[in-house]
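Listed below are the residues making up each chain.
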Amino acid sequence: MAGWQQELKEAVTSADELARLLPVDRCTVDRVAERYPLRIPRYYLQLIEAPGDPIWRQCVPSTAELEPCAELCHDPLSEAGFSPLPGLIHRHPDRALLLVSASCPMNCRFCFRKNRLASGELDFRFSDLEKAIGYLENQPAVREVILTGGEPLLLSDLLLGKLLKQLQRLPYLQLIRIHTRVPAVLPSRITEQLVSLLRRHQPTFLNTHFNHPRELTAAAALATGRLADAGIPLGNQTVLLKGVNDRGPVLEELFRGLLRLRIRPYYLHQPDLAAGSGHFRTPLDQGMQLMERLQGRLSGLAIPRHVVDLPGGGGKIPLQAERLLRSSSGLQIRAANDRLIDYPDLEH
Ligand SMILES: *Cc1c(COP(=O)(O)O)cnc(C)c1O
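Residues numbered from 1 in each chain as written. Predicted model: local features only at pLDDT ≥ 70, side-chain atom pairs only at ≥ 80, totals over all residues. Heavy atoms only, no water.

J.: Would you mind going over the overall build of the protein in detail, with residue names and values included?
T.: Of regular secondary structure, the protein possesses 13 helices and 12 strands. Over its C-alpha trace the protein gives a radius of gyration of 21 Å, about what one expects of a compact globule, namely 20 Å for 348 residues. Seen through its principal axes, the protein has C-alpha atoms that stretch 70 × 55 × 40 Å. Expressed as a percentage of the 348 residues in the protein, the buried residues total 51%. In the protein, 77% of the contacts between residues at least 6 apart in sequence involve partners at least 24 apart. Entry remark: accessible area of the protein is about 16600 Å², with carbon and sulfur atoms responsible for 52%. Computed over 42 positive and 38 negative side-chain charges, the inter-centroid distance for the protein is 3 Å. (Helix = DSSP H or I, 4+ residues; strand = E, 2+ residues; numbered from the N terminus. Rg over C-alpha atoms; globule rule 2.2 N^0.38 Å. Buried < 20%, exposed > 50% of the residue type's maximum accessible area, 1.4 Å probe, protein only. Contact = heavy atoms within 4.5 Å. Areas by Shrake-Rupley, 256 points an atom, 1.4 Å probe, with all protein chains shown as cover. Lys, Arg positive; Asp, Glu negative; His and termini not counted. Charge placed at Lys NZ, Arg CZ, Asp CG, Glu CD.)

Next comes the structure, spelled out in structure tokens:
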């Protein structure tokens, strides 16, 4: 058994065990975990420094998850409605998602698929995935397949290799993308063997999911450095989470730290409206203000797009406060510090 598989086996999954390691109430954790299962790798657990800190909030069950809220729902992006076959989500013409694994090394408390994962409706078989790949054979518009889940890199190298090979045979496919939280929660999964497997299936892009600068450990740097050295382009998707990373200096440190690891910040997501995750929400306005303050202060390479994925399947929409002001005397653009600067635009 590889080291990462051993680590996975040793992840904390019971309230009893968690209560031995952290000052939590066993019964409360149990009650929440019955609805939304608990799983924390020991690697991630040891990043916690204090109760309620940004690492803790992402992984320790909280009673706030059980609070009902009318705005929150089971499937906030209506993914079920865009699923022509089990395991496949096809909303945009040129990209499709393949949900290759319903489990994760860590069950993030803010997960937007937490309800669908907990219900078991995303437990697909490998034969389902093969059928989904068959569907893509007749979809000339689909140029990119995104492997997600759950955690796609929980597949064994053997199965992942099989999947990548089948994908590469698709006549119209130009690009494979992997969305993974493994570098942040189980970096030992990024073995030399995995990297050489990915390297054989180019072009493959990989998006990591780091939410806090304290996740950028030496182990994470080693894992992502291997991927970057293999020529795999790296992006990062962060979710803006209340009490975790909803402050300018935290985001700045995270984005700068990612760049040093050769990871390009790609998206800053508003949390989706998933039941059991409402306590992580921040107002859209606050996110926009945070991003405005980073714009211009940070290298353009460090600035992700701030997006909201619209309820009901409306897709991801970039958020930006209005910057163009038109008047009879011409056009002004609102620059940093709200300074208004005249801009000599062309006539349309
Ligand atoms: C987010 C998402 C994608 C990928 O979108 P990008 O903007 O290309 O990163 C594709 N399909 C679905 C259904 C998605 O939700």
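J.: Describe the site of the ligand, naming the residues involved and giving the relevant values.
T.: Neighbouring residues of the ligand: I89, R91, H92, R95, L97, I146, R177, Y266, Y267, D309 and K316. A distance of 2.7 Å is found between an oxygen atom of the ligand and a side-chain nitrogen or oxygen belonging to R95. The side chain of K316 places a nitrogen or oxygen atom 3.2 Å from an oxygen atom of the ligand. Look at the ligand: alone it shows 390 Å² of surface, and the protein chains cover 91% of it. Counting only elements with at least two residues in the shell around the ligand, the list comes to β2 (95-101) and β7 (264-269). By residue class, the composition of the shell around the ligand is five nonpolar, one polar and five charged. (Near = heavy atom within 4 Å. Polar contact = N/O pair within 3.5 Å; in protein donor to acceptor, adjacent residues only side chain to side chain. Nonpolar A, V, L, I, M, F, W, Y, C, P; charged D, E, K, R; others polar.)

J.: I'd like to hear about unusual backbone geometry, residue by residue, with values.
T.: Of note, the bond from G149 into G150 is cis; its omega dihedral lies within 30 degrees of zero at 10 degrees. In this model, Q202 is joined to P203 through a cis peptide bond whose omega is -5 degrees. Mapped onto the elements, P203 comes out in the loop between α10 (192-199) and β5 (204-208). Backbone geometry places N337, a non-glycine residue, at a positive phi of 60 degrees. Here N337 lies in the loop between β11 (330-334) and β12 (340-343). Residue N337 is classed as exposed on the basis of its relative accessible area, which comes to 74%. The backbone of D338 sits at a positive phi, close to 60 degrees, despite the residue not being glycine.

J.: Residues and numbers for the nonpolar core, please.
T.: If you look at the biggest cluster of nonpolar residues, it comprises 82 residues, and the most contacted ones within it are L18, L98 and L147. Considering every element that reaches this core, the biggest residue donor is helix α7 (residues 126-137), with five residues. For L98, the residues in contact, after removing those within four places along its chain, are G87, L88, L129, A132, I133, V145, I146, L147, T148 and L167. Within the second largest apolar cluster, seven residues are counted, among which are I89, L97, C111 and L122. (Core = buried A, V, L, I, M, F, W, Y, C linked by side-chain atoms within 4.5 Å.)

J.: Explain helix α11 (residues 218-229) residue by residue, including any values.
T.: An ideal rise of 1.5 Å per residue puts 16 Å on 12 residues; α11 measures up with 16 Å between its terminal C-alpha atoms. Listing the buried residues of α11 in full gives A220, A223, T224, G225, L227 and A228. Where α11 is buried, its residues meet α4 (42-45), α9 (182-185), α10, β5 and β6 (234-239). Looking one or two residues beyond α11, the residue adopting positive phi is G231, at roughly 85 degrees. (Expected span 1.5 Å × (residues − 1).)

J.: Now, about the pattern of salt bridges: what can you tell me, with residues and values included?
T.: Inspection of every chain in the model, using the stated rule, returns 22 salt bridges. The residue R256 makes a salt bridge to E252 at a minimum N-O spacing of 3.0 Å. Taken together, the positions of R256 and E252, both in helix α12 (residues 248-260) and four residues apart, correspond to about one turn of that helix. Salt-bridge contacts for D338 lead to R334; the nearest nitrogen and oxygen are separated by 2.7 Å. D338 gets classed as exposed once you look at its relative accessible area, which sits at 52%. Here R334 falls in the buried class, since its relative accessible area comes to 15%. Connected through shared salt-bridge partners, E79, R113, R116 and E121 make up one network. (Salt bridge = Lys/Arg side-chain N within 4 Å of Asp/Glu carboxyl O.)

J.: Can you break down the sheet that holds β11 residue by residue, with the values?
T.: Strand order in the open sheet formed by three strands is β10-β11-β12, and the pairing between neighbours is antiparallel. In the strand order of this sheet, the two ends are held by β10 (324-327) and β12, each with one partner. Within the sheet, the average angular offset between the axes of one strand and its neighbour, ignoring direction, is 30 degrees. Bridge count for β11 against β12 is four bridges, and the pairing is antiparallel. Bridging from a neighbouring strand, I333 pairs with I341 of β12. (Pairing = 2+ DSSP bridges. Axes fitted to C-alpha atoms, helices over the stretch in contact; angles between N-to-C directions.)

J.: Just give me the short version of the sheet that holds strand β9 (residues 315-318), but keep the residues and values in it.
T.: What the nine strands build is an open sheet, ordered β1-β2-β3-β4-β5-β6-β7-β8-β9; its pairing is mixed. Two strands in the sheet have a free side with no partner beyond their single neighbour: β1 (88-89) and β9. Taken together, the three bridges between β5 and β6 define a ladder with parallel strand orientation. What sits directly across from T208, in β6, is N236.

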